[in-house]
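Here's the letter readout for the chains.
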Amino acid sequence: MTIAFTDVQAAADRIAGHARPLVPAPLGDGAFDGAFGEAEGWLALEFMQHTGSFKARGAFNFVSSHIEAGLMPDAGVVIASGGNAGLACAWAAARHSVQATVFVPETAPAVKVDRLRRLGATVRQVGSEYAEALVASQKYAAESGALESHAYDHPLIAAGAGTVMEEIVQARPGVDTVLVSVGGGGLFTGIAVSAREHGIRVVAVEPERCCALHSALQAGAVVDVPVDSVAADSLGARRTSEMALEWAGQDHVRSVLVTDEAIVSARQALWDDRRLAVEHAAATALAAVTSGVYSPAPGERVAVILCGANTDPGDLTRSARLLP
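Each value, and the rule that gives it
Residues numbered from 1 in each chain as written. Predicted model: local features only at pLDDT ≥ 70, side-chain atom pairs only at ≥ 80, totals over all residues. Heavy atoms only, no water. Helix = DSSP H or I, 4+ residues; strand = E, 2+ residues; numbered from the N terminus. Contact = heavy atoms within 4.5 Å. Pairing = 2+ DSSP bridges. Axes fitted to C-alpha atoms, helices over the stretch in contact; angles between N-to-C directions.

Remarks on the environment of E38
- Assignment of secondary structure puts E38 in the loop between α2 (33-36) and β2 (40-45).
- Once the C-alpha coordinates of E38 and A136 are considered, the two residues, 98 residues apart in sequence, prove to be 50 Å apart.
- In contact with E38, other than residues within four places in its own chain, are P298 and G299.

Digging into the sheet that holds strand β3 (residues 77-80)
- Reading across the sheet, the four strands line up as β5-β4-β3-β6 and stay open at both edges, with parallel pairing between neighbours. The two strands at the open ends of the sheet, each matched to only one other strand, are β5 (122-125) and β6 (147-148).
- Examined bridge by bridge, β3 and β6 share two bridges and lie parallel to one another. Counterpart to V78 in the pairing with β6 is E148.
- The strands that helix α4 (residues 84-95) touches are β3 and β4 (100-104); relative to β3, the one it contacts most, it runs at about 165°.
- In this fold helix α6 (residues 130-144) packs onto β3, β4, β5 and β6, with an angle of close to 160° to the strand it touches most, β3.

Here's the deal with the sheet that holds strand β7 (residues 177-181)
- Pairing is mixed in the open sheet, where six strands are placed in the order β1-β2-β10-β7-β8-β9. The open sheet has two edge strands, β1 (24-26) and β9 (253-258), and neither has a second partner. Taking each pair of neighbouring strands and ignoring which way they run, the sheet shows an average axis angle of 25°.
- Bridge count for β7 against strand β10 (residues 301-306) is three bridges, and the pairing is parallel. Within β10, the position partnered with L179 by the bridge is V304.
- Against the sheet, helix α9 (residues 212-219) contacts β8 (201-207) and β9, and its axis sits at roughly 110° relative to β8.
- Contacts between helix α13 (residues 280-290) and the sheet are confined to β7, β8, β9 and β10, with β7 contributing the most and set at about 135° to the helix.

Next up, the structure:
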């Protein structure tokens, strides 16, 4: 099961007019000067997407494609999610008047669960992590006949996510490198497929204690990994997809790890310097640069994808009083 650039192009046509256009923002001054040095940095503000994350793109592509093919059952669609994929699935289903049932861990942030219900989804909370919710969703699909979607491991989901890269290229021609946070690998896979077509390097960034893709690369096969990171609510996949592993082995891709401390610091800096409230998963990509794990070369043009903002911003205001 894999995807090609033509799948990303088809997804772009399918979601045109339904997804919000990507908003790019320059990093030309402020707290990030030292990290980017003489490189040119841009933030891809994909957290402004419907439902607060890039996942709306893949979900719409998945639901729309199945409806076009006459393959959407009366029982609707079911998905397991840490939160963001479920929100996207519920939104896409509602856009097509399709019932959505979403399984999330009991640890899913309340802000995500509340939004799921407001979108009209039936929410079922099972277990303490994504893997347990996934097993429960698979059982439900088998019993109900509902169409089983996936948070990241499906070609239509990954192809939809890849449209982010297409819009980065359109908005900022000449980009050399894109940094992307990695959980299960759906966004990474789509980005890697599109990036290769345009001759762009990809840096796949994961938390040290939540690194399914990096571990798979080291093992040469998909493996289960422990999940224990501040970003685990969005990046907490116990294993990556075969698609992601295949694309991570391409010569235009580099895999790096960042500490939880670096993630928290990058997220706080986005708030302090730009008043951008993002989830820890979104700050993970930026943390690769701010922590020095990835150092852009002079003149390099770097796009950093801020992938989601379904978070409680209450812990970001602690340093607001220090600002002039």
